[in-house]
Amino acid sequence: MNVFVAGASGVLGRRLVAELAERGHEVVGLTRDESGDRTVRAEGGAPRRGDVLDRDSLRAAAADADIVVHAATAIPTDGKPTDADWDRNDRVRREGARNLTAVAEEVGADRFVQQSVVWVARRPDGSEFDETADPNPDRSTRSALDAERIAAEAADDAGFETTVVRCGFFYAHDSAHVRSFAERSLAGRMPIVGGGLLGRGDAELSVLHADDAARAFAEAALGTETGLYHVVDDRPVTTADFLRALAERLDAPDPRRVPGWLAKHLVGEETVRLLTSPMPTTARRFRRDFDWEPRYPTYREGLDAVTERWREDGTLRETAEGFDWCEPGESSDSRSAALAEERSV
């Protein structure tokens, strides 16, 4: 099969390219620069330049595709995202879905896979939900719901089938958010953002290792079932337990609690809402219809793999005083000095 992946150089996309290539399929990955080209080639795909916001560029890039996957996002990674940051992500979701579905129809693709997030349907009372729950979007997820609807409506008018895959909160060794959590934990500056006046309320989040997400997207792309699916691991985890487990694996200080009303001034309202609003769900329907089970059934196994990868690639270096965080190209000595300064503040 010929598979076209938009978002091919992202945390999910690069893994999906590798997964599909390993299964013997021809994979074209949409890229925007030389760095993206290198990433896609390294994972076994063929890079083609273009932009999900530019339909003309997509026509050439997606030519001959049997399957089109919209895995492109621009989720903000800054400490306190602005409205402009979220607007960019909204455009990638909405306009990207319109352009990619239009191109999928033009090139005669048989199948379209749309990425989304499970918390677009979380319940106001924090209870468990599934794919039958009415959507309950907020500022950061409204465009995800719009993209779902664009993809579904396009399938009604075109000759392809659409599958929408809502994933839990991604984590991986190369996730910008998780790397930030780790670096801040080692510096003693990673808070547990909780609900309530004193920040003692914990929300259960459904999470998913990015490796498992890629395998799920491969199954959705290559399978025969269609519809809306939730893909998460086997056990929801509170924000507090996740961050404490990460800190334990880093031998870092135990994170301190910060109430959400205070944290929103530091990290933004949308980030606080994500971390303090429960989203417990399951992948029961996806498991029933596809040959998939998570390789990392809970956050514990997944975080073991994340921290082990950091040790192997030199991101985490053991010193006499504990672990030291080193970004690519950064010396251990310079990082140690910076961390010492941060801890003294």
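Every value quoted in this text rests on a predicted model; they were computed, and no experiment measured them.

About the thresholds
- Each chain has its residues counted from 1, following the order in which its sequence is written.
- It should be noted that, the model being predicted, local features are given only for residues of pLDDT at least 70 and side-chain atom pairs only at 80 or more, the latter also being counted only at that level, while totals for whole chains, interfaces and linings use all residues.
- Hydrogens and water are ignored here; the side-chain numbers use all heavy atoms of the structure.
- Here a helix means four or more residues in a row that DSSP labels H or I, a strand means two or more in a row labelled E, and each is numbered from the N terminus.
- Three labels apply to residues, based on accessible area from a 1.4 Å probe with only protein chains included: buried if under 20% of the type maximum, exposed if over 50%, partly exposed otherwise in between.
- Contacts: residue pairs with any heavy atoms within 4.5 Å of one another.
- Positive charges come from Lys and Arg alone, negative charges from Asp and Glu alone, with His and the N- and C-terminal ends not counted.
- Note on charges: their place is set at NZ of Lys, CZ of Arg, CG of Asp or CD of Glu.
- Throughout, nonpolar core names a set of buried Ala, Val, Leu, Ile, Met, Phe, Trp, Tyr and Cys residues whose side chains join them through atoms within 4.5 Å.
- Between 30 and 60 degrees the pair is tilted, below 30 it is stacked and above 60 it is edge-to-face, where a pair is any two Phe, Tyr or Trp rings, Trp via its six-membered ring, whose centres lie within 6.5 Å.
- Computed over the protein atoms alone on a 1 Å grid, cavities are sets of points where a 1.4 Å probe fits but cannot get out and pockets are open sets with protein on both sides within 12 Å along at least five of seven lines; a residue lines them when it has an atom within 4 Å of a point.
- Grid points are joined across faces, edges and corners, and a volume is the space filled by probe spheres set on the points.
- Ten residues, namely Ala, Val, Leu, Ile, Met, Phe, Trp, Tyr, Cys and Pro, are considered nonpolar, four, namely Asp, Glu, Lys and Arg, are considered charged, and the remaining ones, Gly among them, are considered polar.

Digging into the overall build of the protein chain
And then number 1: Secondary structure assignment for the protein chain yields 13 helices and 15 strands.
And then number 2: By principal-axis analysis of the C-alpha atoms, the protein chain measures approximately 60 × 45 × 40 Å.
And then number 3: Residues counted as buried form 53% of the 345 residues belonging to the protein chain.
And then number 4: Within the protein chain, residue pairs in contact and separated by at least 24 positions form 75% of the contacts whose partners lie at least 6 positions apart.
And then number 5: Charged side chains in the protein chain number 46 positive and 65 negative. The centres of these two groups are separated by 4 Å.

Some words on unusual backbone geometry
And then number 1: Positive phi is not limited to glycine here, since D64 has a value of about 75°.
And then number 2: We classify D64 as exposed; its relative accessible area is 59%.
And then number 3: In this structure, D251 takes a positive phi of about 55° despite not being glycine.

Re the nonpolar core
And then number 1: Core analysis: the biggest nonpolar cluster contains 70 residues, and V5, V69, Y171 and W310 have the highest contact counts within it.
And then number 2: Not counting the four nearest positions on each side in its chain, W310 is found in contact with H173, V178, R179, A182, L246, L250, T315, L316 and W325.

Some thoughts on the packing of aromatic side chains
And then number 1: For the structure shown, the criterion picks out eight aromatic pairs.
And then number 2: Both rings, one in F286 and one in W292, keep their centres 5.7 Å apart while their planes meet at 80°; by these two values the pair is edge-to-face. For the pair F286 and W292, a shared accessibility class is recorded, and that class is buried.
And then number 3: Both rings, one in W310 and one in W325, keep their centres 4.9 Å apart while their planes meet at 80°; by these two values the pair is edge-to-face. Pair noted here: W310 is in helix α12 (residues 299-312) and W325 is in strand β15 (residues 322-325), with a separation of 15 residues, a long-range link.
And then number 4: On the basis of relative accessibility, which here comes to 0%, the residue W310 falls in the buried class.
And then number 5: An aromatic cluster of three or more residues is present, and its members are Y229, F286, F290 and W292.

Concerning empty space enclosed by the protein
And then number 1: Here the structure, examined in full by the defined rule, presents one cavity of 30 Å³ or more.
And then number 2: When its volume is computed, the largest cavity comes out at roughly 90 Å³.
And then number 3: F169, F181, L205, V207, V237, T238, T239, F242, L243 and L275 are the residues that line the largest cavity.
And then number 4: Listing elements by their share of the lining of the largest cavity, those giving two or more residues are β12 (237-238) and α8 (239-250).
And then number 5: Here the element with the most residues in the lining of the largest cavity is α8; it accounts for three residues.
And then number 6: For the lining of the largest cavity, a count of residues per class yields eight nonpolar, two polar and no charged.

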